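Notes for the structure review
Now for the letters of each chain:
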Amino acid sequence: MTPDESDFWFLPLGGTGEIGMNLNLYGHNGRWLMVDCGVTFESGTDVDGEPILGARAHVQMADPQFITDRKDKLDGLIITHAHEDHIGAVPYLWERFQCPIYTTAYTAEILRRKLQEAGLTEKVPVHVVDADTELDVGVFHLQWVRLTHSIPEPFGLVISTPAGRVFHTADWKLDAAPVLGERYQAQDYQALAELDIDAMVCDSTNADVPGWSASEASLYKGLKHHVEQASGRVVVTCFGSNIARLRTIADIAQETGRHLGLLGRSLINTYTAAKRTGFWSSVETFVDPHHLGYLPKQTVLLVATGSQGEPRTALNRLSHNSFRDMQLEPGDTVIFSSKVIPGNEAAIEALIERLKAMQIDVITEDNSRMPIHASGHPAMDELKAMYEWVKPRCSIPVHGEFHHLRANARVAKSVGVPEQLEGKNGDMYFIAPVRGIRRGAVKTGRLGLINNKLKKLF
Ligand SMILES: [Zn+2]
Ligand SMILES: [Zn+2]
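Rules used throughout
- All residue numbers refer to position in the chain's written sequence, counted from 1.
- Starting at A for chains and at 1 for ligands, labels are handed out in the order in which the entities are written.
- Whole-chain, interface and lining totals are the exception, using all residues; otherwise, since this is a predicted model, local features are given only for residues with pLDDT of at least 70 and side-chain atom pairs are given and counted only at 80 or more.
- Remark: hydrogens and water are excluded; side-chain values derive from all non-hydrogen atoms of the structure.
- With water excluded from the atoms, a metal site may look incomplete; its donors are any N, O or S atoms within 2.8 Å, or within 3.2 Å for Na, K and Ca.
- In these descriptions, tetrahedral denotes four donors with every angle between 85 and 135 degrees, square planar four donors and octahedral six donors with opposite donors over 155 degrees apart and the rest between 65 and 115, and irregular any other case.
- The helix count covers DSSP runs of H or I at least four residues long, the strand count covers runs of E at least two residues long, and both are numbered beginning at the N terminus.
- Throughout this description, buried means an accessible area under 20% of the type-specific maximum (1.4 Å probe, protein chains only), exposed means over 50%, and partly exposed covers the range between.
- Summarising the geometry, the arc corresponds to the directions from the helix axis toward the C-beta atoms.
- Note on pairing: DSSP must find at least two bridges between two strands before they are called paired.
- Axis lines are fitted through C-alpha atoms, for helices just across the contact stretch, and the angle between N-to-C directions can take any value from 0 to 180 degrees.
- Residue contacts are defined here by distance: any two heavy atoms, one from each residue, within 4.5 Å place the two residues in contact.
- Note that the term roughly parallel is reserved for angles under 35 degrees, roughly antiparallel for angles over 145, roughly perpendicular for angles of 65 to 115, and oblique for everything else.
- Gly counts as polar in this scheme, as do all residues outside two lists: the nonpolar Ala, Val, Leu, Ile, Met, Phe, Trp, Tyr, Cys and Pro, and the charged Asp, Glu, Lys and Arg.

Below, the discussion takes up the coordination of the zinc ion (ligand 1). Under ideal tetrahedral coordination, the four donors around a metal are separated by 109.5 degrees; under ideal octahedral coordination, the six donors are separated by 90 or 180 degrees. At this site the zinc ion (ligand 1) is bound by Asp85 (OD), His86 (NE2), Asp171 (OD) and His399 (NE2), with donor distances of 2.1 to 2.2 Å. In this structure, the zinc ion (ligand 1) is surrounded by four donor atoms whose angles at the metal cover 87 to 162 degrees, and the resulting shape is irregular. Between the donor residues of the zinc ion (ligand 1), the gaps in sequence give the motif D-H-x84-D-x227-H. In this structure, the zinc ion (ligand 1) lies 3.5 Å from the zinc ion (ligand 2), and both are coordinated by Asp171. In this pair, His86 sits in helix H2 (residues 84-87) while His399 sits in the loop between strand E19 (394-398) and helix H12 (402-414), placing the two residues 313 residues apart along the sequence. We classify His399 as buried; its relative accessible area is 5%.

This is the structure we're talking about:
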């Protein structure tokens, strides 16, 4: 299948009909553009929370075969932001299509670290983009669109060709107080209506959640309350990439007179990347993990990765009493400043049960009276506002399971977006000249990392 000069096509190979491993392609005039190249983490634990060794691939990604076969026609890869489901597969897959990568400074910093680990730094051309500058990548004209999300530098893209124009939102919410970075500006999106957007390819993660997502700044109160109530150590577990959340917790540590410690490689990695790119300006001293065991327990506040019950994380080790530098004791508190990602329910439940058996106070979204986690994705009223501002001719829901895509399409329809195209990975979405879908146009599959080797799973 090859798009001609009057065609503008969209082809998701991953992330549409599922949460995770986003890999999107746009086609025009014989050329292709890739947007994001991410992974999915299977929690890799059985119902008792014990790691399953070798049986399943912990890291999975979309099979890029379609574009590998056409790599000479691929103009570039754009990474919208540094979440693993958008960036994580680059070190594993890049050699298969070998195109230039374009992204903004913070995301480039995270990518650089990944490429370094994979020994690819010298090989991969990464172009750092100034988000205020428009750019031609092959036959595609690109404009970065500022958004708010749960990571530094989240961007959407306006992708223009002579045949048509798309607003690819990537991940977003409308946060009036995001803690880190600027608040959202409605006029940025109202201006897109002037551009005559043919299709809005839009985040569906929370499309079935009524209302408006909580602001990142609103969590300060609840988190501080729980830390103040705690008599022993406090461990807050959150997503390792959420620098704004870390900022809030660091402030609370200082105000409550506790020493702050970071546990988990991904957390330390994102913190240093944030520091290097100017997203973390204050001077914090983090406790050396070796000293944790010697500090009075009521003076300790730890941030740890592992909120999804992942086996190789600090929190999991703490729950097994196998963390080298410290052991939790009865009366200590663990706060889950996170949500359950679908698929991880059993692993998280097992983790919480282990903590409770150690007589740890466990605080989750469910038993906290105040909000302690804010989603980075738009709920219904945010979707409505965005559709009304941008006024696309058509909505293409992505980034979600089928019920999320359906809910997003319903919201679009309810605010007068004339058309909705609902499909899944491997469907060819025709945006121009005539809108429609060819279902199952491209064979899709999944690759997984088993014993550090990339294997085809199906
Ligand atoms: Zn995402
Ligand atoms: Zn994201």
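Moving on from the model shown.
The next thing to look at is helix H3 (residues 90-97). All of the buried residues in H3 are Val90, Pro91, Leu93, Trp94 and Phe97. One side of H3 holds all its buried residues, which, seen down the axis, span an arc of 165 degrees. Among the residues trailing H3, Gln98 stands out with phi positive, at a value near 45 degrees.

Let us look at the sheet that holds strand E23 (residues 446-450). Taking strand neighbours across the sheet as the criterion, the four strands line up as E4-E5-E23-E24 in an open arrangement whose pairing is antiparallel. The sheet is open, and its two borders are formed by strand E4 (39-41) and strand E24 (453-456), each paired with just one other strand. In this sheet, neighbouring strand axes are inclined to one another by 30 degrees on average, regardless of whether the strands run parallel or antiparallel. As defined by bridge partners, strand E5 (residues 59-62) adjoins E23 across four bridges and the pair is classed as antiparallel. Following the sheet pairing, Gln60 is matched in E23 by Gly448. The sheet contacts of H3 involve E4, E5, E23 and E24, and relative to E5 the element is tilted by about 35 degrees.

Let us now look at the packing of helix H5 (residues 186-193) against helix H11 (residues 380-390). At a minimum axis distance of 6 Å, the contact between H5 and H11 shows a crossing angle of 45 degrees. Taken together, the axis directions place H5 and H11 in an arrangement best described as oblique. Touching Ala186, Tyr189, Gln190, Leu192 and Ala193 of H5 are Met386, Trp389 and Val390, all from H11. Considering only residue class, the contact of H5 with H11 consists of seven nonpolar, one polar and no charged.

A few words on the environment of Leu318. The residue Leu318 is located in helix H9 (residues 314-319) in this model. On the basis of relative accessible area, Leu318 is assigned to the buried category, the value being 1%. Along the backbone, Leu318 and Ala176 are 142 residues apart, and their C-alpha atoms lie at a distance of 36 Å. If we skip the residues at most four places from it in the chain, Leu318 touches Val235, Leu263, Phe323, Met326, Leu328 and Met358.

The side chains of a regular strand alternate between the sheet's two faces. Because side chains alternate across strand E14 (residues 234-237), one face comprises the buried residues Val234 and Val236, and the other comprises Val235 and Thr237, equally buried. As defined by bridge partners, E14 adjoins strand E16 (residues 300-304) across four bridges and the pair is classed as parallel. Paired with Val235 across the strands is Leu302, a residue of E16. Note: E14 against strand E17 (residues 333-336), four bridges, orientation parallel. Following the sheet pairing, Val235 is matched in E17 by Val334.

It is worth stressing that arrangement in space is one thing and function is another; only the former is reported here.
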